[in-house]
Amino acid sequence: MKKLTASLLPLLLLGVQGCKKEPPPPPPSTTLYVAPTTTQPAVVSVAGVTLGNGIDANKKITTAVDTFTPKETIYASVDTIGTGPAKLRALWSFVRGEKVAKVDETTIEVNATGPTTNEFHVSKPSGWPKGDYKVEIFLNDGAVPVQTKTFKVG
Amino acid sequence: MAPQDKDDDMPDFSDVQSGASSTAPEAEVYETYEVKSGDSLSKIAKRVYGNASDWKKIFEANRDLLKDPDKIFPGQKLKIPAAD
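Starting from 1, residues in each chain are numbered consecutively following that chain's sequence as written. Going through the entries in the order they are written, you letter the chains from A and number the ligands from 1. Only residues with pLDDT of at least 70 get local features here, since the model is predicted, and only at 80 or more are side-chain atom pairs given and counted; chain-wide, interface and lining totals rely on the full set of residues. Each side-chain value is derived from all of the structure's non-hydrogen atoms; neither hydrogens nor water enter the calculation.

K.L.:
Help me out: how do you make sense of the overall build of chain A in this one?
P.N.:
The helix count covers DSSP runs of H or I at least four residues long, the strand count covers runs of E at least two residues long, and both are numbered beginning at the N terminus. Scanning chain A for helices and strands turns up one helix and eight strands. A simple rule labels every residue: compare its accessible area, found with a 1.4 Å probe on the protein chains alone, to the largest value its type can have, and call it buried under 20%, exposed over 50%, or partly exposed in between. Looking at chain A residue by residue over its 154 residues, the buried ones come to 38%. In what follows, residue pairs with any heavy atoms lying within 4.5 Å of each other are defined as contacts. A fraction of 62% describes how many contacts in chain A between residues 6 or more apart in sequence connect residues 24 or more apart. Areas reported here follow the Shrake-Rupley algorithm with a probe of radius 1.4 Å; residue values treat only the protein chains shown as occluding. Taken as a whole, chain A presents about 9300 Å² of accessible surface, with 61% of it coming from carbon and sulfur.

K.L.:
Sorry if this is basic, but what is going on with empty space enclosed by the protein here?
P.N.:
Where empty space is left in the structure can be found by rolling a water-sized probe over the atoms. Residue and element names in this part refer to chain A. Of the two site types, the cavity is a set of points on a 1 Å grid over the protein atoms alone where a 1.4 Å probe fits but cannot get out, and the pocket is an open set with protein on both sides within 12 Å along at least five of seven lines, each lined by residues with an atom within 4 Å of a point. Grid points are joined across faces, edges and corners, and a volume is the space filled by probe spheres set on the points. If you walk through the whole model with that rule in mind, you get one cavity of 30 Å³ or more. Taken together, I74, W92, S93, V103, V122, W128, Y133 and F151 form the lining of the largest cavity. Each residue is assigned to one of three groups, with Ala, Val, Leu, Ile, Met, Phe, Trp, Tyr, Cys and Pro labelled nonpolar, Asp, Glu, Lys and Arg labelled charged, and all others, Gly among them, labelled polar. Of the residues assigned to the lining of the largest cavity, the class counts are seven nonpolar, one polar and no charged.

K.L.:
So what exactly am I meant to see when it comes to the interface of chain B and chain A here?
P.N.:
Many structure descriptions define interface size as the accessible area lost when the parts assemble. If you look at the interface, chain B gives 28 residues, while chain A gives 37 residues. Buried area is understood as the total, over both parts, of accessible area removed when two parts are fitted together, assessed with a 1.4 Å probe. Of the roughly 2900 Å² buried between chain B and chain A, counting both surfaces, carbon and sulfur atoms make up 52%. Salt bridge, as used here: a side-chain nitrogen of Lys or Arg that lies within 4 Å of a carboxyl oxygen of Asp or Glu. One can count four salt bridges joining chain B with chain A. The partner of A:K99 in a salt bridge is B:D9, with the nearest N and O atoms 3.4 Å apart.

K.L.:
Before we go on, may I ask you to explain the packing of aromatic side chains in this structure?
P.N.:
Any pair of aromatic rings gets described here by the distance separating the centres and the angle formed by the planes. Two aromatic rings from Phe, Tyr or Trp, using only the six-membered ring of Trp, form a pair when their centres are within 6.5 Å; if the ring planes differ by under 30 degrees the pair is stacked, by over 60 it is edge-to-face, and anything between is tilted. With the rule as written, the count across this model stands at nine aromatic pairs over all chains. Between A:F68 and A:F151 the ring centres are 5.5 Å apart and the planes differ by 85°, which places this aromatic pair in the edge-to-face class. With A:F68 in strand 2 (residues 67-68) and A:F151 in strand 8 (residues 147-153), this residue pair connects regions lying 83 residues apart in the sequence. For the pair shown, A:F68 and A:F151 are each scored as buried. On the numbers, 5.9 Å between centres and 75° between planes, the contact of A:W92 with A:F151 is edge-to-face. Taken together, the residues span a long stretch of sequence, with A:W92 in strand 4 (residues 84-96) and A:F151 in strand 8 at a distance of 59 residues. Overall, A:W92 belongs to the buried group, its relative accessible area being 2%. By the ring-pair criterion, three or more aromatic residues cluster together here, those being A:F68, A:W92, A:F94, A:W128, A:Y133, A:F151 and B:F13.

K.L.:
Just checking my understanding: could you explain the sheet that holds strand 5 (residues 99-112) of chain A for this structure?
P.N.:
Hydrogen bonds between backbone atoms are what pair the strands of a sheet, whose relative direction is either parallel or antiparallel. Two strands pair if DSSP finds at least two bridges between them. Pairing is mixed in the open sheet, where seven strands are placed in the order 2(A)-8(A)-7(A)-4(A)-5(A)-2(B)-3(B). On the outer flanks of this sheet lie strand 2 of chain A together with strand 3 (77-81) of chain B, each paired with one strand and no other. Here four bridges tie strand 5 of chain A to strand 2 (residues 28-34) of chain B, and the two strands are oriented antiparallel to one another. If you follow A:I108 over to strand 2 of chain B, its bridge partner there is B:V29. The convention used is that axes are lines fitted to C-alpha atoms, helices contributing only their stretch in contact, and that angles between N-to-C directions extend from 0 to 180 degrees. Packed on one face of the sheet, helix 1 (residues 41-49) of chain B meets strand 2 and strand 3 of chain B and runs near 45° to strand 3 of chain B.

K.L.:
What exactly am I supposed to notice about the pattern of salt bridges here?
P.N.:
Side chains carrying opposite charge are able to pair once their charged atoms draw close together. Enumeration according to the criterion identifies twelve salt bridges over all chains in this entry. When the shortest N-O distance is used, the salt bridge between A:D141 and A:K87 registers 3.2 Å. Taken as a pair, A:D141 in the loop between strand 7 (131-139) and strand 8 and A:K87 in strand 4 lie far apart in primary sequence, 54 residues in all. B:D39 is paired through a salt bridge with B:R47; the nearest N and O atoms lie 3.4 Å apart.

K.L.:
Looking at this model, I keep getting lost on helix 1 of chain B. Mind explaining?
P.N.:
Because each turn of an α-helix spans 3.6 residues, side chains separated by three or four positions end up pointing in the same direction. Residue and element names in this part refer to chain B. The set of residues buried in helix 1 consists of L41, I44, A45 and Y49. All buried residues of helix 1 fall inside an arc of 100° around its axis, so they share one side. In this fold, the buried residues of helix 1 make contact with strand 2, helix 2 (55-61) and strand 3. Positive backbone phi, at 80°, marks G50, one or two positions downstream of helix 1. Our arc is simply the arc of the directions from the helix axis toward the C-beta atoms.

The following block contains the structure:
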C-alpha cells in the first residue's frame, strides 16, 4: 500500500497541478475611443463678411477690395454657421458726413442645414457717385447690424 | 446713423439694381421697399419688374400685411420678391 501510494503520488501531484488553473490573464485593456464629431450649433450666426467686385461659383469673393470704380457691381459675401431658419438683410447706404442715404435693402431667408455662403450685390447703370458707402448685415430682424463693412467709390 | 428721407443734396439711387443668392437650398430672396406717397402696387411692379401686371407677385408676397391691393400707405415696408 505504501508503495502504491508512493508510486501514485507523482501522478496525483501532476493531476493536482493539471487541475490547478492559473488565473486567467487579465483581458487586454480596451479604451473605447469615440472620434469627436463636429456638430453645428442649432442657431445660425454670421461668421464673416467680405466685399469684392466678383464672386465664384460658391458665392465667395474672388478678390477682396474696399474701393470700387463707378461702373462696378459691388458684392458682399456673407458666411454663416449653424443650422435652422435665418433671415439675413443687407442694407446698403451712401454716407456723406452726418447724412446717410439708403441705396438698397435686400433680404435672404434660409433654412440652413449647415454652413452657408450668401451673396448680395448692387449695381448702378448710371454709375456710382464717388464717395463713402457702407453695407450693414442684419440677422433675424435684429435692430443692430451684426457686421458693417465700409467701402469707397472713387 | 440711419438712412434718412430723400435729401436733394444727396445723390439719386432710384436706378440701383440689386440681387442676392445663397448656397442654402430653397432660399427666398426679396427686396424691402418702403411705400412712398403716390405709390401703387402696379407702379412699384413697373419700376421693379418692368411690367405693371406683376403687381400680383407683390400682393401675394405681402398677404399678411395687405388685405386690399389698392390700399397701400406711405411708410409700409413691402417684400418685393426677386424677379424670376
